[in-house]
Amino acid sequence: MLTYTVSMPEPHTHLFHVEVAIDAVSSPHLDLHLPAWTPGSYMIREYARHVQQFSATDPDGQPLSWRKTAKALWQVDTEGVAEVRLRYKVYAFEQTVRTSYLDSSHGYFNPGNLCMYLPERSHEPLTLRVLPAEGWRVSTALEPDGSGPWCYRASDYDELVDSPFECGTQRVLTFSVDGIPHEIAIYGYGNEDEARLLRDTQRIVESQRDMFGSLPYPHYLFILHLTDGRGGGLEHRNSVTNMVDRWSFQPERSYERYLSLTSHELFHVWNVKRLRPAALGPFDYSQENYTRLIWFVEGVTSYYDELLLVRGGLMQPERFLERLADEILNLQSQPGRQLQTLEESSFDAWIKYYRPDENSANTSISYYLKGSLVSMLLDMQIRRVTEGTHCLEDVVRLLYQRYPISGPGIPEAGAVLAAVEEIAGEHAGLFRDFFAQMIAGTTELDYSSGLAVVGLELRWSYRAPRPDGSAPAWLGATFKRKGERTLVSSVRSDSPAYSAGVYADDELVALNGWRVDEEQLQARLAEYAPGSTVRLSLFRGDALIEVPVTLTAAPYDRLEVVAVSSPTEQQREQFQHWMGR
Ligand SMILES: [Zn+2]
């Protein structure tokens, strides 16, 4: 067995001290690995760079020789001993849900950042003991092993990695659903209302339980970090770490962020932590784990996170439709939707989604955003062809039964389509094209015919139309402030600025010879009609240049999703069913 001890004797140094006792050693060498990434966050992060002061001994403390043979691989000569002890420290000062952090106020760690493993023994049960700083407690979803305070067991290395730890003076709120205990461990303070937080979190659990029929875990832990402007969430099998700005609990519009995030990450209890693509578990922690199905695990989850808030009474249907309109507008303003498919976006998550740059919107799409909208359209298509007797939930539940956590996971090709076809019955043929066009292709999404199923339509318009109501002139660049300067932050590839040769990082100086900042530029541009040519003065590096730009008619930049003027009875019923009313 591998026995880990994690201590934090000097929290202000940001160093976790790790000891690993390895028994039943029989080989001449041990190859100890440290993961390069955290499941759920698809990017190689090379946690080995934070390891220092590594040593290896026998149980009597006699040093064993060792060497690094790769950047995340330590090889120890066992010299015939049956038990090996490792000691090392890990620097932890990155405040995100997927990394580890230690200071004098608390310690948070993802075991994958701290715990080295032996690949050939990663299926074995193991134990982890935490020695928290004085006066601190420990919150984790792992089961206590009964051997002492803060001692835990995991059935294998995957379960260990899937169980983050919060150590400190966190507040712990509790509630239960169906007799299953839930804890909310809160680090930090802000404008939260504990009673409301508890009530609404419970409501989220209940509405997801209603969708799936039961809760699949013996207990559940929400680790909640209240931070200075940081955000994020990372799902785990029986727990989650959520990070929100400490002041985000008021007003209501802002509180949505907590509700949506919590709903999203809890949905992953089913979709990705249990029902999962075959490539996503058991994991290879040393390198990228490729799958074309991230759109399913993140897109379907993003679709239901707010829909289930509506069904749980935590979001008004009108607000849900506003959010839907924002998402459609957002995707339609990204030229990358015509270049990258959902499957490609999934596969390239490792080099694209987590590493955005000024060109990202021109060449790629988010599998969250497009995945959510495609899930909605798929839901509508199923509702249409089955006349409201079935919907996407039936597909998710079917897949959940068909690919249980104990099995190999969803095969890469064909399995999601097959489940949709099974639910859609005699209308199955329609969906082959849907998948080829919307998921494996870049066909424009047909929102209008999708939303017509529930009696809704799109109403496109301009935020600032010309006086006669027509399209204003459009440049197509966005800007950012840097000190006193206004720099181009990005240029849309379908815009006049792009055609004219405006670059990211150009400094905006003047329009037609007159000094402007961004606000003044927008005000001046509003005076021109589409087709006019203006002269932009820009600093490119230290060189002053002039770029003539012929403005075009702006694309729509405002969208509402509204009820059709006279919905049929069937549309009314479909809408009510969709909203869970
Ligand atoms: Zn997610």
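Conventions and cut-offs
- Residues numbered from 1 in each chain as written.
- Predicted model: local features only at pLDDT ≥ 70, side-chain atom pairs only at ≥ 80, totals over all residues.
- Heavy atoms only, no water.
- Donors = N, O, S within 2.8 Å, 3.2 Å for Na, K, Ca; no water.
- Tetrahedral: all angles 85-135°; square planar, octahedral: opposite > 155°, others 65-115°.
- Buried < 20%, exposed > 50% of the residue type's maximum accessible area, 1.4 Å probe, protein only.
- Helix = DSSP H or I, 4+ residues; strand = E, 2+ residues; numbered from the N terminus.
- Pairing = 2+ DSSP bridges.
- Axes fitted to C-alpha atoms, helices over the stretch in contact; angles between N-to-C directions.
- Parallel < 35°, antiparallel > 145°, perpendicular 65-115°, else oblique.
- Left-handed = near helix turned anticlockwise from the far one by under 90°.
- Contact = heavy atoms within 4.5 Å.
- Core = buried A, V, L, I, M, F, W, Y, C linked by side-chain atoms within 4.5 Å.
- Salt bridge = Lys/Arg side-chain N within 4 Å of Asp/Glu carboxyl O.

A. Quick peek at the coordination of the zinc ion. Those donors, His-264 (NE2), His-268 (NE2), Glu-298 (OE) and Glu-298 (OE), are the protein atoms that reach the zinc ion, and they lie 2.0 to 2.8 Å from it. One can describe the donor arrangement at the zinc ion as irregular, given that its 4 donor atoms subtend angles of 52 to 151° at the metal. Between consecutive donors of the zinc ion, the numbers of intervening residues give the motif H-x3-H-x29-E. Here the two residues His-264 and His-268 agree in accessibility, since each one is buried.

B. Representation of the pairing of strand β1 (residues 2-7) in the model. Of all the 6 residues making up β1, 5 are buried; the element is thus mostly covered by neighbouring parts of the structure. Where β1 meets strand β10 (residues 126-131), 6 bridges bridge the pair, whose relative direction is parallel. What sits directly across from Tyr-4, in β10, is Leu-128. Here β1 runs beside strand β2 (residues 15-22); their pairing, made up of 6 bridges, is antiparallel.

C. Focus on the packing of helix α10 (residues 392-402) against helix α11 (residues 415-424). Between α10 and α11, the shortest axis-to-axis distance is 9 Å and the interhelical angle comes to 120°. In terms of axis orientation, α10 runs oblique to α11. Of the two elements, α10 crosses α11, and the hand of that crossing is right-handed. Note on element contacts: α11 touches α10 through Ala-415, Val-416, Ala-419, Val-420, Glu-422 and Ile-423, opposite Asp-394, Val-395, Leu-398, Leu-399 and Arg-402.

D. Spatial organisation of the nonpolar core. Counting 101 residues, the largest nonpolar core has Tyr-42, Tyr-304, Leu-451 and Trp-578 as the members making the most contacts within it. Top element by residues in this core is helix α5 (residues 294-311). It accounts for 11 residues. In this structure, Val-51, Trp-74, Leu-86 and Phe-165 belong to the second largest nonpolar core, which totals 48 residues.

E. Here's a closer look at the pattern of salt bridges. Enumeration over the complete set of coordinates arrives at 34 salt bridges. Arg-402 is the partner of Glu-422 in a salt bridge, and the nearest nitrogen-oxygen pair spans 2.9 Å. Taken as a pair, Glu-422 in helix α11 and Arg-402 in helix α10 lie far apart in primary sequence, 20 residues in all. Judged by its relative accessible area of 36%, Arg-402 falls in the partly exposed class. Each of Arg-253, Glu-256, Arg-319 and Glu-322 takes part in salt bridges that share partners, so that together they form one network.

F. The environment of Glu-421, seen in detail. Following the sequence through the fold, Glu-421 ends up in helix α11. Residue Glu-421 is classed as buried on the basis of its relative accessible area of 17%. Remark: the alpha-carbon pair of Glu-421 and Gly-407, spanning 14 residues in sequence, is separated by 22 Å.

G. Looking closely at the sheet that holds strand β19 (residues 239-245). As summarised here, the arrangement of the 5 strands in space is β15-β16-β17-β19-β18, forming an open sheet in which the pairing is mixed. The sheet terminates laterally at β15 (171-177) and β18 (232-235), the two strands that pair on one side only. Sheet twist, expressed as the mean angle between neighbouring strand axes with direction ignored, is 15°. With 4 bridges connecting them, β18 and β19 associate as antiparallel partners.

H. Just unusual backbone geometry, in detail. Backbone torsion omega between Gln-250 and Pro-251 reads -5°, so that peptide bond is classified as cis. Along the chain, the position of Pro-251 falls in the loop between β19 and α4 (252-267). Even without a glycine there, the phi angle at Trp-150 is positive, about 60°. For Trp-150, the location among the structural elements is in the loop between β12 (143-144) and β13 (151-154). Given the relative accessible area of 31%, Trp-150 is considered partly exposed. Even without a glycine there, the phi angle at Asn-512 is positive, about 50°. Note that Asn-512 resides in the loop between β24 (507-511) and β25 (514-515). Classification of Asn-512 as partly exposed rests on a relative accessible area of 23%.

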